[in-house]
Amino acid sequence: MKVAKKSLFLQHLNAVFSLHFDNHSDAQNIPTLSQWRQWIWQTCKNSFKRANIAILLCNETEARQFNHDYRHKDYATNILSFALNEGENIFMPDKEELNGDLIFCPQVIEKEAAEQQKPLMAHYAHLTVHGVLHLMGYDHIEDEEAEIMEALEIRILHQLGYANPYAQDEY
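Fair warning: this is a prediction, and the values are worked out from it, not measured in the lab.

Asks: Before we move on, can you summarise the overall build of the protein with the specific residues and values?
Replies: Counting its regular elements, the protein contains six helices and four strands. Of all 171 residues assigned to the protein, the portion counted as buried reaches 42%. For the protein, the computed accessible surface area is about 10500 Å², with 51% contributed by carbon and sulfur atoms.

Asks: I'd like a rundown of the packing of helix H4 (residues 106–115) against helix H5 (residues 120–135), residues and numbers included.
Replies: Between H4 and H5, the least distance of the axes is 9 Å, while the angle of their chain directions is 120 degrees. Considering their axes alone, H4 and H5 lie oblique with respect to each other. Between H4 and H5 lies a crossing of right-handed hand. Contacts between H4 and H5 involve Pro106, Ile109, Glu110, Glu112 and Ala113 from the first element and Leu120, His123, Tyr124 and Leu127 from the second. Partitioned by chemical class, the residues of the contact of H4 with H5 number six nonpolar, one polar and two charged.

Asks: Go over helix H6 (residues 143–159), please, and point to the residues and values.
Replies: An ideal rise of 1.5 Å per residue puts 24 Å on 17 residues; H6 measures up with 24 Å between its terminal C-alpha atoms. Listed in full, the buried residues belonging to H6 are Ala146, Met149, Leu152, Glu153, Ile156 and Leu157. Axial view of H6: buried residues confined to an arc of 130 degrees, hence all on one face. In H6, those exposed residues whose orientation departs by more than 90 degrees from the buried face are Asp143, Glu144, Glu147 and His158. Where H6 is buried, its residues meet helix H2 (33–44) and H5.

Parameters at a glance
- Residues numbered from 1 in each chain as written.
- Predicted model: local features only at pLDDT ≥ 70, side-chain atom pairs only at ≥ 80, totals over all residues.
- Heavy atoms only, no water.
- Helix = DSSP H or I, 4+ residues; strand = E, 2+ residues; numbered from the N terminus.
- Buried < 20%, exposed > 50% of the residue type's maximum accessible area, 1.4 Å probe, protein only.
- Areas by Shrake-Rupley, 256 points an atom, 1.4 Å probe, with all protein chains shown as cover.
- Axes fitted to C-alpha atoms, helices over the stretch in contact; angles between N-to-C directions.
- Parallel < 35°, antiparallel > 145°, perpendicular 65-115°, else oblique.
- Left-handed = near helix turned anticlockwise from the far one by under 90°.
- Contact = heavy atoms within 4.5 Å.
- Nonpolar A, V, L, I, M, F, W, Y, C, P; charged D, E, K, R; others polar.
- Expected span 1.5 Å × (residues − 1).
- Arc of directions from axis to C-beta.

Written out as structure tokens, the structure reads:
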């Protein structure tokens, strides 16, 4: 019976959630597609009926170029999020479907996880949740927005079985 229920759930998930993946990096210790699917869907499932997300892993040179071209910052960053039609005058988000791209730089993520003494997959999970929340329209420019976004990240990561990623920042 459990196998049948799991099969039906996976069939439904595949029908409502499309994940595209491309790896331009040489990183070996990266999440599985199953992990990324779980992290993304857990983040957006209560707000969207469908999701279509593309993940790109790139090396530091390519990540630096993306960050320079789109954020005017001259360094490789851990993740960049691009919502479909973001910033365009015709931006009319489909309330039913989340569409966007997540660009990860594994080398930066590995360095950060080591510096912060966090498990690598926990850091990937956090950055994935963070990136998907950006796709959903959340931001952290203003303090109030940051508090809302961080609280959501903490709650979602807890549901996924991960510790509070901001715990070390608390006094």
